[in-house]
Amino acid sequence: MSSDATTATTPAAPAAALDVEQEPMAHGLGTSLPSADARAKTEGTFPYASDLWAEGLLWAGILRSPHPHARIVSIDTTAAADMPGVRAVVTHADLPGAATYGRTVADRPVFASDLVRHHGEAIAAVAADHPDTARLAAAAIAVEYEVLEPVTDPEKAFAAEPLHPDGNLIRHIPLRFGDAEAAGEVVVEGLYRIGRQDPAPIGAEAGLAVPRPDGGVEIYTASTDPHTDRDLAAACFGLAPDQVKVVVTGVPGATGDRDDPGFQIPLGLLALRTGCPVKLTATREESFLGHAHRHPTLLRYRHHADAEGRLVKVEAQILLDAGAYADASSESLAAAVAFACGPYVVPHAFIEGWAVRTNNPPSGHVRGEGAMQVCAAYEAQMDKLAAKLGVDPVDVRLRNVLATGDILPTGQTVTCPAPVAELLTAVRDFPLPSLPMDTREEDWLLPGGPEGAGEPGAVRRGVGYALGMVHMLGAEGADEVSTATVKVQDGVATVICSAVDTGSGFSTLARQIVQETLGLEEVHVASVDTDQPPAGPATHGRHTWVSGGAVERAAKMVRTQLLQPLAHKFGMSTELLQITDGKITSYDGVLSTTVTEAMDGKELWATAQCRPHPTEPLDDSGQGDAFVGLAFCAIRAVVDVDIELGSVRVVEMAVAQDVGRVLNPAQLATRIEAGVTQGVGAALTENLRTARGLLRHPDLTGYALPTALDAPDIRIVKLVEERDVVAPFGAKAASAVPVVTSPAAVASAVRAATGRPVNRLPIRPQAAVGAVTP
């Protein structure tokens with residue numbers, strides 16, 4: 001993969017390890033400062049949860065249901081408890097506190113007690129002196145089930161018997177905007193289906209729980225929201241929150257999969273029960289069974305437009321399959337309904353959205369949730385509209401694009417920069433890759449992989465476009481707040497903030513912020529645990545905004561503490577002093593000293609919070625100022641399709657993105673490329689298949705992730721740096737919006753290559769077989 005950034009600075013190659021004096025490394029905002037832990041991760045010495053150890057360690061095993069829906073008649077743990085080496089067996093009867101948990105709705109049992117509602121639901125857990133013993137003991141637990149008919153079709157969930165005491169309907173959002181009687185001269189309709197994408201983390205879930213002398217417990221795990229995890233676990237343990245400590249270990253990637261405490265609570269319970277440290281390292285199958293996935297979605301659309309292709313009205317029905325429990329379905333549905341029309345001006349919109357419980361695997365937070373599913377549908381509609389009018393797909397989009405000052409169908413005015421037309425124009429005008437006939441045949445990688453079975457004569461090239469949008473931070477009244485502390489002593493700064501770096505680069509950003517504000521090169525970021533004030537979850541790019549803002553405010557307070565005595569001594573204001581490369585100088589050159597000399601052995605520190613302006617829930621008509629900020633992206637996909645085999649090769653993805661401000665060029669390029677690649681997986685290969693609620697092939701053989709050979713050439717053709725004035729540094733979230741946009745762009749390109757309607761993701765080979773003559 002490669003990147004051609006026309007706005008951002010091209011990252012410099014790392015300096016060679018030579019025994020000569022090197023130039024000082026550039027630091028501060030706008031530079032490609034490398035991550036402090038990059039070398040350890042590259043060399044394999046970085047400690048993840050699966051690497052942890054403790055004296056007297058026991059191992060955990062979890063028994064999971066083989067059925068998607070069943071009544072539990074009895075649970076007999078005798079055989080497991082009597083096995084040599086087994087130290088404890090726990091079920092729902094052993095929970096001293098709350099039996100259920102959930103981030104928004106506490107509807108998910110720690111252990112199933114009377115009913116099993118999805119394949120892989122936890123029934124019991126075991127602690128033993130060897131991991132094999134723990135797994136064998138878990139398998140020895142005898143559970144008698146009365147197998148029930150599963151509800152796996154979300155459309156049938158409305159009339160089915162309730163699967164949960166709260167019913168099958170989690171949320172319904174009816175959005176009403178404009179005149180219901182409005183109609184256009186041209187109407188296009190479509191039915192679309194989006195599959196179940198799994199986060200598929202590189203490292204499966206793992207954790208270590210250590211009991212404390214005060215009766216509490218410490219849990220070491222790759223949490224992305226440690227304070228919420230602590231509170232949920234404490235409630236289940238029957239303990240006060242301060243008796244439970246969550247320590248964040250290295251996070252081996254997270255696109256939403258680290259948000260479920262279902263692995264952590266059994267672990268802590270076993271540690272409390274045995275009085276010994278207990279470790280759990282999930283197998284890949286357990287990982288697939290245990291964590292949440294992207295919501296499979298059914299979408300029905302009808303677009304009305306005038307004869308020129310300007311949108312008049314959009315009607316849509318959106319049905320999210322939440323699986324067995326609520327999790328993040330309410331938030332995902334709000335995003336899907338609010339962004340159902342995409343980054344387009346729509347005078348009249350009538351959207352119905354539902355999220356329902358089924359006996360399918362649980363759905364939850366996955367990057368771009370809600371927005372990705374509707375993007376695939378509304379962009380397919382725009383392609384249909386262009387085809388029906390006989391105009392260029394880009395022209396149709398440009399006639400309707402959103403801009404700053406326009407109004408969303410939720411009634412909220414777009415106050416942030418929205419350079420959607422500029423983004424689309426940039427990818428349209430970027431030179432196309434060469435055609436296969438322009439290169440030697442043996443150098444042409446056919447669809448299906450190297451030396452694929454296809455013939456060059458059966459390959460058709462297609463070019464497609466898509467526009468996507470996401471919201472930043474939480475929505476609908478979420479209290480977005482983060483706290484950070486900055487300490488400086490002996491010329492070294494330390495940042496204390498419980499914002500978890502999931503691969504987003506927040507730790508590097510925090511260092512850059514302090515370097516920029518205090519002029520110090522050596523900045524350390526403390527490890528994260530729940531003894532620190534909360535910073536909130538690592539979702540929607542919120543740590544760049546909220547936690548970065550808190551770090552900046554704390555650093556500026558320290559700067560004031562440092563400069564005020566000097567300014568008073570020399571009779572000038574602090575604004576006339578500057579700090580650069582560890583030196584403090586005045587505007588007139590009278591004052592020149594180092595930060596270390598000015599501090600004179602003192603320690604300076606400050607704590608600050610950042611809380612963006614509040615939002616509000618959507619009302620009964622889907623109206624309200626529900627979002628703090630928005631980010632936009634345009635992608636042009638170029639694909640080659642073998643119309644005999646139905647195989648698709650993504651040749652190139654040209655990306656233009658609204659980023660607000662480039663804070664770290666190298667990190668930004670990496671985040672965009674990763675997001676595009678994840679989206680390509682959703683478009684072509686990633687679908688966690690089920691048969692009547694049972695997961696089929698829950699492993700990385702049956703679940704096809706894109707490899708290096710599948711990753712396209714990614715060209716970042718433009719980064720629009722129009723700063724959002726209400727965001728710290730003016731920056732916007734970077735990684736979610738390319739995930740949202742790229743599947744729609746790939747589908748658009750396959751439609752262009754074949755002339756066939758591509759109405760489901762991932763794209764099945766039969767959907768790309770044959771070509772329709774225009």
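A count of helical and extended segments in the protein gives 15 helices and 31 strands. The burial tally for the protein puts 58% of its 774 residues in the buried class. Across the protein, contacts joining residues at least 24 apart in sequence account for 80% of those joining residues at least 6 apart. Looking at the protein as shown, the accessible area adds up to about 30,100 Å², and 51% of this sits on carbon and sulfur atoms.

Okay, the nonpolar core next. Within soluble globular proteins, side chains that are nonpolar generally end up buried alongside one another. Ranked by size, the top nonpolar core spans 109 residues in total, and within it Y301 and V746 carry the most contacts. By residue number, the principal contributor to this core is helix α8 (residues 371–389), which donates 11 residues. Formed by 48 residues, the second largest nonpolar core is a distinct cluster that contains A499, V546, M599 and C610.

Turning our attention to the environment of G342. Tracing the sequence through the fold places G342 in the loop between α7 (329–338) and β17 (348–357). A relative accessible area of 4% places G342 in the buried class. When the C-alpha atoms of G342 and A376 are compared, they prove to be 9.9 Å apart, with 34 residues separating the residues in sequence. Residue contacts for G342: discarding those within four places in its chain leaves Y378 and M469.

So, on to the pattern of salt bridges. In this structure the tally under the stated criterion is 33 salt bridges. Note that R302 and E189 form a salt bridge whose closest N and O atoms lie 3.2 Å from each other. Of this pair, R302 sits in strand β15 (residues 297–305) while E189 sits in strand β10 (residues 186–194); the two residues are 113 residues apart in sequence, bridging distant segments of the chain. Residue class for E189 comes out partly exposed when judged on its relative accessible area of 48%. One salt bridge connects R196 with D321, and the closest N-O pair in it is separated by 3.7 Å. Linking R196 in the loop between β10 and β11 (206–211) with D321 in strand β16 (residues 311–323), this pair joins segments that are 125 residues apart in sequence. Assigned by exposure class, R196 and D321 land together as buried. What you see here is one network of salt bridges that share partners, running through E379, D383, R397 and R751.

Time to look at unusual backbone geometry. Cis peptide bonds are those with omega within 30 degrees of zero, and the linkage from L761 to P762 qualifies with -5°. Considering the arrangement of structural elements, one finds P762 in the segment after β31 (760–761). One non-glycine residue, H697, lies in positive phi territory at about 55°. Looking at the secondary structure, you find H697 in the loop between β29 (694–695) and β30 (713–720). With a relative accessible area of 43%, H697 lands in the partly exposed category.

Orientation of α8 relative to helix α15 (residues 736–754), taken along the N-to-C sense of each, is 30°, at an axis distance of 8 Å. Relative to α15, the element α8 lies roughly parallel. Crossing of α8 against α15: the hand is right-handed. Judged by residue contacts, A371, M372, C375, A376, E379, A380 and D383 of α8 engage V739, V740, T741, P743, A744, S748 and R751 from α15. Residue classes in the contact of α8 with α15 are distributed as 9 nonpolar, 2 polar and 3 charged.

Glancing now at the sheet that holds strand β22 (residues 577–580). The strand order across the open sheet built from 3 strands is β22-β23-β24, with neighbouring strands paired in antiparallel fashion. With partners counted over all chains shown, the strands left at the sheet margins are β22 and β24 (592–594), one partner each. Averaged over all pairs of adjacent strands, the angle between strand axes in this sheet comes to 25°, irrespective of strand direction. Two strands pair when backbone bridges link them, and strand β23 (residues 583–586) and β24 are joined in this way by 3 bridges, in the antiparallel orientation.

Among the secondary structure elements, Q578 is positioned in strand β22. According to the relative accessible area criterion, Q578 is partly exposed, its value standing at 45%. Separated by 15 residues in sequence, Q578 and L563 place their C-alpha atoms 8.8 Å apart. With residues up to four places along the chain from it excluded, the contact list for Q578 reads R559, K583, I584 and T585.

Turning to a negative patch on the surface, a few remarks are in order. On the surface, a cluster of negative charge is made up of E616, D619, D620 and D625. Relative to the assigned elements, E616 resides in the loop between β25 (604–610) and β26 (627–642). Take E616: its relative accessible area is 37%, and that puts it in the partly exposed class.

On to the pairing of strand β7 (residues 122–128), then. Where a strand is regular, its side chains alternate between the two sheet faces. Counting buried positions along β7 yields 7 of 7 residues, so the element is predominantly enclosed. As paired strands, strand β1 (residues 58–64) and β7 are joined by 6 bridges and run antiparallel to one another. Each bridged residue has a counterpart across the sheet, and for A60 the counterpart in β7 is A127. By the bridge criterion, 4 bridges tie strand β3 (residues 86–90) to β7 in an arrangement that is antiparallel. Note on β7: the bridge partner recorded for V86 is A128.

Aromatic ring pairs are defined here through the distance separating the ring centres and the angle between the ring planes. Inspection of the entire model under this criterion finds 6 aromatic pairs. Residues F158 and W354 carry aromatic rings whose centres are separated by 5.9 Å and whose planes lie at 85° to one another, so their mutual orientation is edge-to-face. In this pair, F158 is assigned in the loop between β8 (142–147) and β9 (169–177) and W354 in strand β17, connecting sequence segments 196 residues apart. You can call F158 partly exposed: its relative accessible area is 44%.

On to α8, then. Helix length check: α8, at 19 residues, gives a terminal C-alpha distance of 27 Å against a target of 27 Å (1.5 Å per residue), a fit within 8%. Taking burial as the measure, the 19 residues of α8 include 15 buried ones, the bulk of the element. One or two residues past the end of α8 sits G390, with phi positive at roughly 70°.

The next point concerns α7. Counted residue by residue, α7 has 8 buried out of 10 residues, so it is predominantly covered. Residues of α7 that are buried in the fold lie against β9, β16, β17, α8, β18 (459–475) and β26.

What follows is about the sheet that holds strand β6 (residues 115–116). Read across the sheet, 3 strands follow the order β6-β2-β8 without closing on themselves; strand pairing throughout is antiparallel. Lying at the two open borders of the sheet, with one neighbouring strand each, are β6 and β8. Judged from the 2 bridges that link them, strand β2 (residues 70–76) and β6 form a sheet pairing that is antiparallel. Following the sheet pairing, R71 is matched in β6 by L115.

With their axes 7 Å apart at the nearest point, helix α14 (residues 665–684) and α15 run at an angle of 45° to one another. When the interaxial angle is binned, α14 and α15 end up oblique. Relative to α15, the crossing made by α14 is right-handed. Across from I672, G675, V676, Q678, G679, V680, A682, A683 and L684 in α14, the residues of α15 making contact are P738, V739, S742, P743 and V746. Along the lines of polarity and charge, the residues of the contact of α14 with α15 split into 10 nonpolar, 4 polar and no charged.

Per-chain confidence: the protein averages 90 in pLDDT, with 94% of residues scoring 70 or above. Confidence drops under a pLDDT of 50 for residues 1–24, and excluding neighbours within four residues, the segment shows 33 contacts in the predicted structure.

We now examine the environment of P456. Within the secondary structure layout, P456 lies in the loop between α10 (420–429) and β18. Taking the C-alpha atoms as reference points, P456 and D642, separated by 186 residues in sequence, lie 8.1 Å from one another.

Rules of the game
Residues numbered from 1 in each chain as written. Predicted model: local features only at pLDDT ≥ 70, side-chain atom pairs only at ≥ 80, totals over all residues. Heavy atoms only, no water. Helix = DSSP H or I, 4+ residues; strand = E, 2+ residues; numbered from the N terminus. Buried < 20%, exposed > 50% of the residue type's maximum accessible area, 1.4 Å probe, protein only. Contact = heavy atoms within 4.5 Å. Areas by Shrake-Rupley, 256 points an atom, 1.4 Å probe, with all protein chains shown as cover. Core = buried A, V, L, I, M, F, W, Y, C linked by side-chain atoms within 4.5 Å. Salt bridge = Lys/Arg side-chain N within 4 Å of Asp/Glu carboxyl O. Axes fitted to C-alpha atoms, helices over the stretch in contact; angles between N-to-C directions. Parallel < 35°, antiparallel > 145°, perpendicular 65-115°, else oblique. Left-handed = near helix turned anticlockwise from the far one by under 90°. Nonpolar A, V, L, I, M, F, W, Y, C, P; charged D, E, K, R; others polar. Pairing = 2+ DSSP bridges. Patch = residues over 30% accessible without salt bridge, like charges linked within 9 Å, V, L, I, M, F, W, Y side chains within 5 Å. Lys, Arg positive; Asp, Glu negative; His and termini not counted. Charge placed at Lys NZ, Arg CZ, Asp CG, Glu CD. Phe/Tyr/Trp six-rings, centres within 6.5 Å; stacked < 30°, edge-to-face > 60°. Expected span 1.5 Å × (residues − 1). pLDDT = per-residue confidence, 0-100.

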